[in-house]
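# Architecture and fold: a report
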Amino acid sequence: MKKAIICLLFTISVIQFNYGQIKKFGKVTKDDFNESSIPSFNDANAVIIFKERKSHFDHQNERWVLITEVHERIKISNKEGFDYANKSIKLFTQNNRDESVRIKANTYNIVDNKVVKTKLRKKNIYKKVQNKFWSTKSFTMPNLKEGSIVEWIYTITSPFYMNLNDVVFQSDIPTKIYSAKIRIPEYFIFNTEVNKYNRTTIKNSKKNRTLMYSYTKMETSTGRAPHEVKHSYEISFAEKIFEIELSNIKPLIEESYVNNINNYRGKVIFESVGTQFPNSIHESFSATWNEVTKSIYTSSKFGVELNKKKYFKDDLTKILNESKSTNDKISVILKFVKDKIKWNNFYGIRTSDGVSKAYKNGFGNVAEINLILTAMLREAGLDASPVLVSTRSNGIPLFPTIEGFNYVIAGVELDNEIVLLDATEPFSAPNVLPSRVLNWQGRILENMDLRHLLI
């Protein structure tokens, strides 16, 4: 189905910042209640008075970490704006390593011509485990009224230092002031890309920095058994600094016929492509599409799993007994996989427990289910390949990337056409995919080659 794409270009004022415009946390005065309005946004249910995002890298407990601080202040105009006094912060967990967050938040009201502050209490911050990889810390601001100002500041410390989140500067409500400052040591290589549907500039600079670098190693000495010795020394390096300073940002409004409005949201994307540490060789993650393809296909959790077939051979022979045409083969294999393996609601382009275990146990993640589907189609003599997709909630990869993809489906080349299949949904059919994967483009992996196609 053809889709109408509307380019939502908007004008943003670039301002010279005096950091006094972004005030310290907790310093709200009566004037702030009056200054929060923007003449052209007076009918908004809520307005972001300012939002500040700062990210930098540090070395703690003998490893690099990424520290991100977000400070936000919002004026709630009416009851329809109360939803903007809720906040949910996503945290990632993998291999016994966790992201952590520290939160402070206040609600401010005018009572008897004075500013009255109500603190968010720790007991009102709730943690919810979404799955084995993701959890959220959520809260609703207390003592909320029409006209309230809510403010929070939170700091995320992440051991996944190469997962630098996008700088998203456009919200669903107007933003009076937005500021971001990203500091990246010279050792870490990132591509940056401004969403092409928005106009903004990034100020680039460099600055020298020093920090204490610590590590522990096993050492031996006369008369002693091998033992751990901690070493610390000061290192100096250059930091690349990216600054974004904007004002009077219009909200992103839902438009008819736009498949995924978030693809048009104003943001700057940071994609890790490699590292270059002193006295070490350059390590590339995803500098070109060919490198992306090679990295995925040689992965033990993708290409190796795709090539396994012993576990399903007997079942495939049985279900193909009555299938003569190509379309019959596609339909019966798709139905078999849908009935055989249930989706556990985990996304990803890598298997978790492996295709054999998923097949045996009857449940698996997206990669396991659709790699099984692809392998069975291939074994049936069809020209099938996995197709990498970024879901609607994940955005669109704008340059060569591995982590930009979070979903995989199957594609069968048939009469100069690609038939797309997803076995995670009970009611899916050939070329009928769940809405979550209808996100502009997919990348079809044909052995070690890669092709783009519209999804």
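Residues numbered from 1 in each chain as written. Predicted model: local features only at pLDDT ≥ 70, side-chain atom pairs only at ≥ 80, totals over all residues. Heavy atoms only, no water.

## A look at the overall build of the protein chain
Operational definition: For helices the rule is a DSSP run of H or I covering at least 4 residues; for strands it is a run of E covering at least 2, with both sets numbered from the N terminus onward. Burial classes follow relative accessibility: with a 1.4 Å probe on protein chains only, a residue under 20% of its type's maximum area counts as buried, one over 50% as exposed, and anything between as partly exposed. Method for areas: the Shrake-Rupley scheme with a 1.4 Å probe, in which residue coverage is limited to the protein chains shown.
Looking only at helices and strands, the protein chain features 7 helices and 24 strands. Expressed as a percentage of the 455 residues in the protein chain, the buried residues total 49%. For the protein chain, the computed accessible surface area is about 23,800 Å², with 47% contributed by carbon and sulfur atoms.

## Some thoughts on the packing of aromatic side chains
Selection rule: Put simply, two rings from Phe, Tyr or Trp (the six-membered ring, in Trp's case) pair if the centres are within 6.5 Å, and we call them stacked under 30 degrees between planes, edge-to-face over 60, tilted for the rest. In this scheme, the term charge over a ring applies when either NZ of a lysine or CZ of an arginine sits within 6 Å of the ring centre and within 35 degrees of the ring normal.
A complete count under the given rule lists 21 aromatic pairs for this structure. Plain terms: the ring middles of Tyr 311 and Tyr 359 are 5.1 Å apart, the flat faces sit at 70° to each other, and that makes the pair edge-to-face. With a gap of 48 residues between them, Tyr 311 in the loop between α3 (303-306) and α4 (313-319) and Tyr 359 in helix α6 (residues 355-361) connect regions that are remote in the sequence. Aromatic ring contacts, followed pair by pair, group Phe 57, Trp 64, Tyr 161, Tyr 187, Phe 188, Phe 190, Phe 237 and Phe 277 into a single cluster. Of note, Lys 90 hangs over the ring of Trp 134, and the distance from its end group to the ring centre comes to 4.3 Å. Its guanidinium or amino end placed over the ring of Tyr 359, Lys 340 lies 4.8 Å from that ring's centre, counting from NZ or CZ.

## Digging into the side chain of Glu 99
Counted only if it meets this: The charge count treats Lys and Arg as positive and Asp and Glu as negative. His and the chain ends do not count. In what follows, salt bridge is the name for a side-chain nitrogen of Lys or Arg lying within 4 Å of a carboxyl oxygen of Asp or Glu. Residues adjacent in sequence count toward polar contacts only when both atoms are side-chain atoms; beyond that, a polar contact is any pair of N or O atoms within 3.5 Å, and within protein one must be able to donate a hydrogen and the other to accept it. Whether two residues are in contact is decided by their heavy atoms, any of which lying within 4.5 Å being enough.
Mapped onto the elements of the fold, Glu 99 is located in the loop between β5 (97-98) and β6 (100-111). Buried charge Glu 99 goes without a salt bridge, the closest partner of opposite sign being Lys 90 at 9.2 Å. Of the polar contacts made by the side chain of Glu 99, one reaches the backbone nitrogen of Phe 92; its length is 2.8 Å. Reaching out from Glu 99, the side chain makes a polar contact with the side chain of Ser 158 at a distance of 2.8 Å. Not counting the four nearest positions on each side in its chain, Glu 99 is found in contact with Lys 90, Leu 91, Phe 92, Ile 156, Thr 157, Ser 158, Pro 159 and Phe 160.

## With respect to the nonpolar core
The condition is simple: Working definition of a nonpolar core: buried Ala, Val, Leu, Ile, Met, Phe, Trp, Tyr and Cys residues. They are joined through side-chain atoms within 4.5 Å.
Ile 333, Val 337, Ile 372, Leu 373, Leu 377 and Leu 421 are the most contacted members of the largest nonpolar core, which has 51 residues in total. Looking at this core, the elements that each hand over two or more residues are α2 (289-297), α5 (326-340), α6, α7 (366-379), β20 (384-389), β21 (407-414), β22 (417-421) and β23 (441-446). Considering every element that reaches this core, the biggest residue donor is α7, with 9 residues. Counting residues in hydrophobic clusters, the runner-up holds 24 residues, among them Trp 64, Leu 66, Ile 235 and Val 268.

## Some points on α5
Since the α-helix packs 3.6 residues into each turn, any two residues three or four apart lie on the same face. We count it as follows: Helix span, as expected, comes to 1.5 Å for every residue beyond the first.
The end-to-end C-alpha distance of α5 is 21 Å, a good match for the 21 Å that 15 residues give at a rise of 1.5 Å each. Within α5, burial applies to Ile 330, Ile 333, Leu 334, Phe 336, Val 337 and Lys 338.

## Comments concerning α7
For α7, which comprises 14 residues, the first-to-last C-alpha distance of 20 Å matches the rise-based estimate of 20 Å (1.5 Å per residue) to within 8%. Of all 14 residues that make up α7, 12 are buried, and the element is covered over most of its length. Taken together, the buried positions of α7 are Val 366, Ala 367, Glu 368, Ile 369, Asn 370, Leu 371, Ile 372, Leu 373, Thr 374, Ala 375, Met 376 and Leu 377. Looking at where α7 begins, the residue whose side-chain oxygen comes 3.2 Å from the main-chain nitrogen of Ala 367 is Asn 365. With its phi angle positive at about 90°, Gly 381 sits one or two positions after the end of α7.

## Regarding the sheet that holds strand β9 (residues 134-140)
How we decide: For two strands to be treated as a pair, DSSP must find no fewer than two bridges joining them.
Taken in spatial order, the 4 strands make up an open sheet running β5-β4-β9-β8, and their pairing is antiparallel. The open sheet is flanked by β5 and β8 (126-129), the only strands paired with a single partner. Summarising the sheet, strand β4 (residues 86-94) and β9 pair through 7 bridges and their orientation is antiparallel. Its bridge partner lying in β9, Leu 91 is registered against Ser 135.

## Things to note about the pattern of salt bridges
A pair can form between side chains of opposite charge whenever their charged atoms are brought close. In the structure shown here, the tally under the stated rule is 12 salt bridges. Put simply, Glu 69 and Lys 54 hold a salt bridge, and the shortest N to O gap is 3.6 Å. On the criterion of sequence distance, the pair formed by Glu 69 in strand β3 (residues 63-76) and Lys 54 in strand β2 (residues 46-60) is long-range, its members being 15 residues apart. Classification of Glu 69 by relative accessible area gives partly exposed; the value is 25%. Taking the shortest distance from any N to any O, the salt bridge between Glu 379 and Lys 313 comes out at 3.7 Å. Residue Glu 379 is located in helix α7, and its partner Lys 313 is located in helix α4; the two are separated by 66 residues in the primary sequence. Note on Glu 379: relative accessible area 32%, which makes it partly exposed.

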